[in-house]
Amino acid sequence: MTERHLQPLLHDLVGVAHAPTSALGDAAGQLRPHGVQGVFHADARVLSRAELSLDDREPETIGHGAVGPHGARFVGLARWLGDATPDPTVRVERTRQAGPRGLTEEIVVSSTAADPVRTTVTVDLACDLAPIEQVKAGRAGAPLEAGAGEPGRVRWAGDGLTVTVTGEGATVDATGERTVAPRLSWPVTVTPGSPVTLRWRLAVTDPRAVVTAAPAGAGWAEPQVGADDRRLPRLLDRSLADLRGLRLAEPAHPEDVFLGAGVPWFLTLFGRDSLWAARMMLPLGTELAAGTLRVLARRQGTRIDPATGEQPGKILHELRRHELSHDNGLRLPPAYYGTVDATMLWVNLLHDAWRWGLPADEIEPLLPHLEAALRWLGEHADADGDGFVEYVDTTGHGLANQGWKDSGDAVRFRDGRLAAPPIVLAEVQGYAYQAATDGANLLDAFGRPGADRWRGYADRLAERFRSTFWVDGRHGPQPALALDRDKRPVDSLTSNIGHLLGTGLLSDAESAQVAALLSTEAMAGGFGLRTMSTDDAGFSPLSYHCGSIWAHDTAIVLAGLARDGHRAAALRLADGLLAAAEAFDYRLPELYGGDDRATLGRPVPYPAACRPQAWSAAASVLLLQAGLGVYPDVPNGRVDLRPLAGPELGALSAANLRIAGAPVTVTVDHTGHPTLTDLSPTLHPTHIPTRVPTPRPPSGFPTPARTTPTRRS
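Rules used in this analysis
- Residues numbered from 1 in each chain as written.
- Predicted model: local features only at pLDDT ≥ 70, side-chain atom pairs only at ≥ 80, totals over all residues.
- Heavy atoms only, no water.
- Salt bridge = Lys/Arg side-chain N within 4 Å of Asp/Glu carboxyl O.
- Helix = DSSP H or I, 4+ residues; strand = E, 2+ residues; numbered from the N terminus.
- Core = buried A, V, L, I, M, F, W, Y, C linked by side-chain atoms within 4.5 Å.
- Buried < 20%, exposed > 50% of the residue type's maximum accessible area, 1.4 Å probe, protein only.
- Pairing = 2+ DSSP bridges.
- Contact = heavy atoms within 4.5 Å.
- Polar contact = N/O pair within 3.5 Å; in protein donor to acceptor, adjacent residues only side chain to side chain.
- 1 Å grid on protein atoms, 1.4 Å probe; cavity = no way out; pocket = protein on both sides within 12 Å on 5 of 7 lines; lining within 4 Å.
- Points joined across faces, edges and corners; volume = space filled by probe spheres on them.
- Nonpolar A, V, L, I, M, F, W, Y, C, P; charged D, E, K, R; others polar.
- Axes fitted to C-alpha atoms, helices over the stretch in contact; angles between N-to-C directions.
- Parallel < 35°, antiparallel > 145°, perpendicular 65-115°, else oblique.
- Left-handed = near helix turned anticlockwise from the far one by under 90°.
- pLDDT = per-residue confidence, 0-100.
- Phe/Tyr/Trp six-rings, centres within 6.5 Å; stacked < 30°, edge-to-face > 60°.

## Quick notes on the pattern of salt bridges
Where charged atoms from two side chains of opposite charge approach closely, those side chains can pair.
And step 1. Taken as a whole and judged by the stated rule, the model has 53 salt bridges.
And step 2. The salt bridge involving E521 is made with R572; its shortest N-O contact spans 2.3 Å. One end of the pair, E521, is in helix 11 (residues 521–524); the other, R572, is in helix 13 (residues 567–583), with 51 residues separating them in the sequence.
And step 3. A salt bridge links D640 to R638, with the nearest nitrogen and oxygen atoms 2.5 Å apart.
And step 4. Overlapping salt bridges, with partners in common, bring together D26, R32, R49, E51, D56, E58, D124, R178 and R183 in one network.

Structure follows, in structure tokens:
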């Protein structure tokens, strides 16, 4: 039988991160030489084993917890040592801290035994320098031979990387069989009340790195949040700590900080992920947005290159130190542009940062890049000239799907059939509409020509979308997920349509209908918003993009619902997200199962989800913004207030938010009345009471497109 390589599971592993370094181990703190366990530096596993023993026996684990933004502590017992009593007398604590270029561990052995305890503490090591895609494919790396140098030190080298482990006061055995499994050893005597502390550290030298650690400091304001629902402050605290561990920069431009996408697979620059995360973080300041915009602007496409997907004006998808080669034939070059939406999202982030108060002198240098992005939208985004933004991989080894749902089976008809490319995604048309209108606003504000062209583009796109995308569904008219190669609407009901909310593409009636669709049990019956309706044949609760729940997706949609006035629908998704956060110890994973709430009473983990993950963690800030309902427009001197907090969610307040670079405090009482204090006198707050739209108005609704009848399989 052919060996089947499976992506390793990581849902029950304990991670620490200080980008570009991360580590994943088991609940005992061991880094074992299998699966995805180990220490990673960017795209390589730099330590594949670090197993702690006392007298060649492993401590029995009893608990673990976070220590600051980059660390974890593990508590174990050595019950074979010390007094022969029911209570354990020898305790072992292991504290792991990730650093920007490595990792440190502190091992504390303490005793309450009557007599001194003698033991030998050892840490067995290995290094395979396996590329990240090899680990992700479930392929084991061969341990490399180590070289012992100075006392207490062991070293590996390869592929431009140098990895050094130093044990303070330890002896090193790296001879014979231990050439590929070197051991650090400390003989110790532990007396009652006098713990013994041992330390070892890992250091990585990577002169060819394409990303590096960001300078010290969070890079955003730290809000002080009070809430009746205590889940929200806890989620924010854990999320902001995780985000501090995901901060990255380019080696040549350390001042421009962005967020790496997630641990362990995506700890690098990702256009879509980094842009969405920065956009969600705007209530805490514009610095992260500005850094992300500049980093991606420097790598904006300038030529047509089918091998990389580069086109003039296009924004990068993914940056790596080497080509990624996967078992399924997927081969992505180090700088890959295979994304359909990052260019529009770049424009939208620039616009939103401007509305939050990004200074003009930081926007003006980016205006040529704005114009290049809009030219890409007009000249390259619509390959067949049908007026829609579409994608197709022409190489045969790039991403088949290039929206945020980028797995190969993500775009399915209601009966489960896969759609053939080129693909026209629904949400991408919303992004394009918003980018055209946002871009026009920026061009006007800064005295640049072309605004009328892009407003006309947006108007025509809305008309085409209205006449083409709407289809008959199980719950009434609905926007299709996409159009396929033959321009047939892909008629499954998915979360993608929720991204249309707030873009301006939908009329009020259409927005109300989308809200009604997303509020059905088929979509909202889990802990958040399912990526696909349970009524569709392709649905599976543990499908990556066809039934699971993604935290960022749920947050984006609930924020759009809240802003458009669909209060009940937004509150339901907010409660699902907060319940999921509580179940995952307030570290929201990349995604989790789309099972009904009654299945286990808590969300089912998706076993290969990244955690921490940038846009999942940043979703907590977007949830805070929706709860407070604060929507600034600094250039026009106003701040709209439309809070989601109030009778159902409870009172909510946040101090030290940032509008126009200055700290402000927003408070919403139990009735839903908002108060904004410390606002600049040049800005005027306006409370906009929530309207209650009619879900299915009798007129003004688009005529659903005719689709070929499908049969459930």
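What follows picks up the thread again.
## A closer look at the nonpolar core
And step 1. Counting 185 residues, the largest nonpolar core has L243, W346 and V411 as the members making the most contacts within it.
And step 2. Of all the elements, helix 14 (residues 614–628) adds the most residues to this core, at 11 residues.
And step 3. Grouped together as the second largest cluster of nonpolar side chains are 44 residues, V39, L81, V121 and V154 included.

## Things to note about the pairing of strand 10 (residues 117–126)
And step 1. Taking burial as the measure, the 10 residues of strand 10 include eight buried ones, the bulk of the element.
And step 2. The sheet contact formed by strand 5 (residues 49–54) and strand 10 spans six bridges and is antiparallel. Note that in strand 10 the partner of A50 across the bridge is L125.
And step 3. Bridge analysis of strand 10 against strand 15 (residues 183–190) gives eight bridges, and the strand direction is antiparallel. Residue pairing across strands places R118 opposite T189, the latter belonging to strand 15.

## Focus on the environment of G35
And step 1. Along the polypeptide, G35 turns up in the loop between strand 2 (21–25) and strand 3 (38–41).
And step 2. Using a relative accessible area of 40% as the deciding quantity, one classes G35 as partly exposed.
And step 3. C-alpha of G35 to C-alpha of Q7: the two residues are 28 residues apart in sequence and 8.2 Å apart in space.
And step 4. Setting aside residues up to four positions removed in sequence, G35 forms contacts with P8, R45 and V135.

## Structural notes on the sheet that holds strand 19 (residues 247–250)
Each strand in a sheet pairs with another by means of backbone hydrogen bonds, the pair being arranged parallel or else antiparallel.
And step 1. Spatial ordering of the open sheet is given by 17-19-20, a layout of three strands whose pairing is antiparallel. Single-partner strands in this sheet number two, and they are strand 17 (212–213) and strand 20 (253–259).
And step 2. Where strand 17 and strand 19 come together, two bridges link them in antiparallel fashion. Counterpart to T212 in the pairing with strand 19 is A249.

## Structural notes on the environment of D26
And step 1. For D26, the location among the structural elements is in the loop between strand 2 and strand 3.
And step 2. By relative accessible area, which is 13% here, D26 ends up buried.
And step 3. As a C-alpha pair, D26 and G38 span 12 residues in sequence and 9.8 Å in three-dimensional space.
And step 4. Filtering out sequence-adjacent residues up to four positions away, D26 remains in contact with L13, V14, R32, Q37 and F74.
And step 5. Reaching out from D26, the side chain makes a polar contact with the backbone nitrogen of A28 at a distance of 3.0 Å.

## Here's the deal with the layout of surface pockets
And step 1. Approximately 1100 Å³ is the volume attributed to the largest pocket.
And step 2. Looking at the largest pocket, it is lined by 43 residues, and the ones nearest its centre are Q7, K136, H326, N328 and L330.
And step 3. Of all elements in the fold, only helix 1 (132–136) and helix 3 (271–280) reach the threshold of two or more residues within the lining of the largest pocket.
And step 4. Of the residues in the lining of the largest pocket, the class split is 18 nonpolar, 14 polar and 11 charged.
And step 5. Size it by volume and the second largest pocket reaches roughly 930 Å³.
And step 6. In terms of lining residues, the second largest pocket is bounded by 38 residues, among which R279, D352, Q434, G502 and R563 are the most central.
And step 7. For the lining of the second largest pocket, the secondary structure elements donating two or more residues are helix 3, helix 5 (342–356), helix 8 (426–445), helix 10 (508–518), helix 12 (551–563), helix 14 and strand 32 (630–633).
And step 8. In terms of residue count, helix 8 provides more of the lining of the second largest pocket than any other element does, five residues in total.
And step 9. Grouping the constituent residues of the lining of the second largest pocket by class yields 15 nonpolar, 13 polar and 10 charged.

## What about the packing of helix 12 against helix 13?
And step 1. Their axes nearest at 8 Å, the elements helix 12 and helix 13 cross at an angle of 155°. By the angle class used here, helix 12 and helix 13 are roughly antiparallel. Once helix 12 is placed against helix 13, the crossing between them reads as left-handed. Residues A551, T554, A555, V557, L558, L561 and A562 of helix 12 form the contact with helix 13, whose participating residues are A569, A570, L573, A574 and L577.
And step 2. Tallied by class, the residues present in the contact of helix 12 with helix 13 amount to 11 nonpolar, one polar and no charged.

## Observations regarding the confidence of the model for the protein chain
And step 1. Summing up the model confidence of the protein chain, the mean pLDDT is 94 and the portion of residues at 70 or higher is 96%.
And step 2. Within the model, pLDDT remains below 50 along residues 693–700, and this stretch shows 13 contacts once partners closer than five positions in the same chain are excluded.
And step 3. Within the model, pLDDT remains below 50 along residues 707–713, and this stretch shows 16 contacts once partners closer than five positions in the same chain are excluded.

## What to know about the packing of aromatic side chains
And step 1. Taken as a whole and assessed by the stated rule, the structure comprises 11 aromatic pairs.
And step 2. The interplanar angle of 15° and the centroid separation of 4.4 Å between the aromatic rings of F465 and F469 together place this pair among those described as stacked.
And step 3. A centroid spacing of 5.7 Å and a plane angle of 40° characterise the contact between Y544 and Y606, whose relative ring orientation is tilted. Residue Y544 is located in the loop between helix 11 and strand 30 (549–550), and its partner Y606 is located in the loop between strand 31 (591–592) and helix 14; the two are separated by 62 residues in the primary sequence.

## Observations regarding the sheet that holds strand 36 (residues 674–677)
And step 1. Read across the open sheet, the four strands follow the order 18-34-35-36; overall the sheet is antiparallel. Edge positions in the open sheet fall to strand 18 (224–227) and strand 36, since each of these has one partner strand only. In this sheet, neighbouring strand axes are inclined to one another by 20° on average, regardless of whether the strands run parallel or antiparallel.
And step 2. Inspection of the sheet shows strand 18 paired to strand 34 (residues 652–659) by four bridges, in the antiparallel sense. Each bridged residue has a counterpart across the sheet, and for A227 the counterpart in strand 34 is L652.

## Regarding the packing of helix 3 against helix 5
And step 1. Taken N-terminus to C-terminus, the directions of helix 3 and helix 5 make an angle of 20°; their axes are 9 Å apart at the nearest point. Taken together, the axes of helix 3 and helix 5 are roughly parallel relative to one another. As for how helix 3 packs across helix 5, the hand of that crossing is left-handed. Counting all contacts with helix 3, which are made through G271, R272, L275, W276, A278 and R279, the residues of helix 5 involved are A342, L345, W346, N348, L349 and D352.
And step 2. Its residues assigned to classes, the contact of helix 3 with helix 5 comprises seven nonpolar, two polar and three charged.

## Overview of the side chain of D128
And step 1. For D128, the position within the fold is in the loop between strand 10 and helix 1.
And step 2. The class of D128 is buried, set by a relative accessible area of 8%.
And step 3. Residue contacts for D128: discarding those within four places in its chain leaves R45, S48, G141, A142, P143 and L144.

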